Every structure is written in structure tokens, then in C-alpha cells.
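# Notes for the structure review
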Amino acid sequence: MTTLRHGLTIGVERHGKDDFFVVLKVTGTLTHEDYERMVPVLEGAIAGVSDPDIYMLVDATELDGWEARAMWDDLKLGIKHGRHFEKIAVFGRPGWQEWMTKFADWFTPADARFFVDRQDALEWLGD
């Protein structure tokens, strides 16, 4: 018997007046329902801040992929809030995750980088 693992954890910390540190961990396949849970948390955290700066750490070590509809949700999130993302650090497994991070870096205003090591990702976010 195979057990499908799926989960999404999001944490948002506010630093100072306009800086937000977001930690996202995805297990399994990212779904539309995940975005329905995640986006309100993010939008609620930055509500009332005219020009928030978001620094995001994505733990993709257990990410297996995206549903097509979730990719569309990601694009919509980027269109709506992309200018607020300053840095996105993704740490996970080399290969397609690394390629997707580079792809995102080309098409988003945020500086996105891939890391194999969580500590390296955190240090880069703090620079």
C-alpha cells in the first residue's frame, strides 16, 4: 500500500514596518487548494501595508510537482504581488526544481535562487 503525502505549511513574520519573511514548505504535489489556503494568509499579513517587501524561503525538499491549475494560481499570484517579492530562496533537490527556480528568476521581478542547503538559502536571504 502506498500512502500519498501532501501538505503545505506557511509562516509569515513581519520585520519592521514593511519587511515580511515568508517560509513555505510543500510536501507532495502543489494543488489549487493549497493556493486557496496560502494566498489569503499572505494577503492578510501584508494588508494595509502600501509597499511591502517580501523575502521568501521555499522548502522544496519534499515537493514532487505542481498541478496545472496550481501553476495558473502561481502566475496570478505573481501578477498581483510580484513587485512585492524582493528575494525568493528555494532549497531542494537539484534537477527540475533548480531549473524551475531559474525559470522563475527570468520572468519575475524578484531575485530567485536555488540552493541545496537550507542554511545557504537563509544566509542569502539575509544579505
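Residues numbered from 1 in each chain as written. Predicted model: local features only at pLDDT ≥ 70, side-chain atom pairs only at ≥ 80, totals over all residues. Heavy atoms only, no water.

### Focus: the overall build of the protein chain
Condition: Each helix is a run of DSSP H or I of at least 4 residues and each strand a run of E of at least 2, with the numbering of both proceeding from the N terminus. Based on C-alpha atoms, the radius of gyration is set beside the globule rule, defined as 2.2 Å times the residue count to the power 0.38. With a 1.4 Å probe rolled over the protein chains alone, any residue whose accessible area is under 20% of its type maximum counts as buried; one over 50% counts as exposed, and the rest are partly exposed. Should any heavy atoms of two residues lie within 4.5 Å, those residues are considered in contact. The Shrake-Rupley method, run with a 1.4 Å probe sphere, supplies the accessible areas, and residue values consider only the shown protein chains as cover. Positive charges are assigned to Lys and Arg, negative charges to Asp and Glu, while His and the chain termini are left out of the count. Each charge is placed at NZ for Lys, CZ for Arg, CG for Asp and CD for Glu.
A count of helical and extended segments in the protein chain gives four helices and five strands. When its helices and strands are written in sequence order, the protein chain yields β-β-α-β-α-β-α-β-α. For the protein chain, the C-alpha radius of gyration of 14 Å lies close to 14 Å, the compact-globule estimate for 127 residues. Buried positions account for 38% of the 127 residues belonging to the protein chain. Within the protein chain, counting contacts between residues at least 6 apart in sequence, those at least 24 apart form 73% of the total. Of the roughly 7,600 Å² of accessible surface on the protein chain, 56% is carried by carbon and sulfur atoms. Within the protein chain, one finds 14 positive and 23 negative side-chain charges whose respective centroids are separated by 3 Å.

### A short note on helix H1 (residues 32-46)
What sets the pattern is the α-helix's 3.6 residues per turn: residues three or four places apart point alike. This is how it is decided: A helix is expected to span 1.5 Å for every residue after the first.
For H1, which comprises 15 residues, the first-to-last C-alpha distance of 21 Å matches the rise-based estimate of 21 Å (1.5 Å per residue) to within 8%. Of the positions making up H1, those classed as buried are His32, Asp34, Tyr35, Met38, Val39, Leu42 and Ile46. Looking at the buried positions of H1, the neighbouring elements they touch are strand E1 (7-15), strand E2 (19-30), strand E3 (53-66), helix H2 (68-81) and strand E4 (85-91). Positioned one or two residues after H1, Gly48 has a phi angle of 85°, which is positive.

### Observations regarding the packing of aromatic side chains
Two aromatic rings are characterised by how far apart their centres lie and by the angle between their planes. The condition is simple: Classification of ring pairs uses Phe, Tyr and Trp, with its six-membered ring standing for Trp, and accepts pairs whose centres are within 6.5 Å; under 30 degrees between planes counts as stacked, over 60 as edge-to-face, and the remaining range as tilted. Here, a charge over a ring is recorded when the distance from Lys NZ or Arg CZ to the ring centre is within 6 Å and its angle to the ring normal is within 35 degrees.
Under the criterion given, the structure shown has two aromatic pairs. Look at Trp66 and Trp96: their rings are 6.2 Å apart centre to centre, the planes differ by 75°, and that puts the pair in the edge-to-face class. With Trp66 in strand E3 and Trp96 in helix H3 (residues 96-107), this residue pair connects regions lying 30 residues apart in the sequence. According to the relative accessible area criterion, Trp66 is partly exposed, its value standing at 25%. A residue is classified by how much of its surface remains accessible, and Trp96, at 36% relative accessible area, is partly exposed. Note on Phe115 and Trp124: the rings are 5.7 Å apart at their centroids and 45° apart in plane angle, and the pair reads as tilted. Overall, Phe115 belongs to the buried group, its relative accessible area being 14%. Directly above the ring of Trp124 sits Lys87, whose terminal nitrogen or CZ lies 4.7 Å from the centroid.

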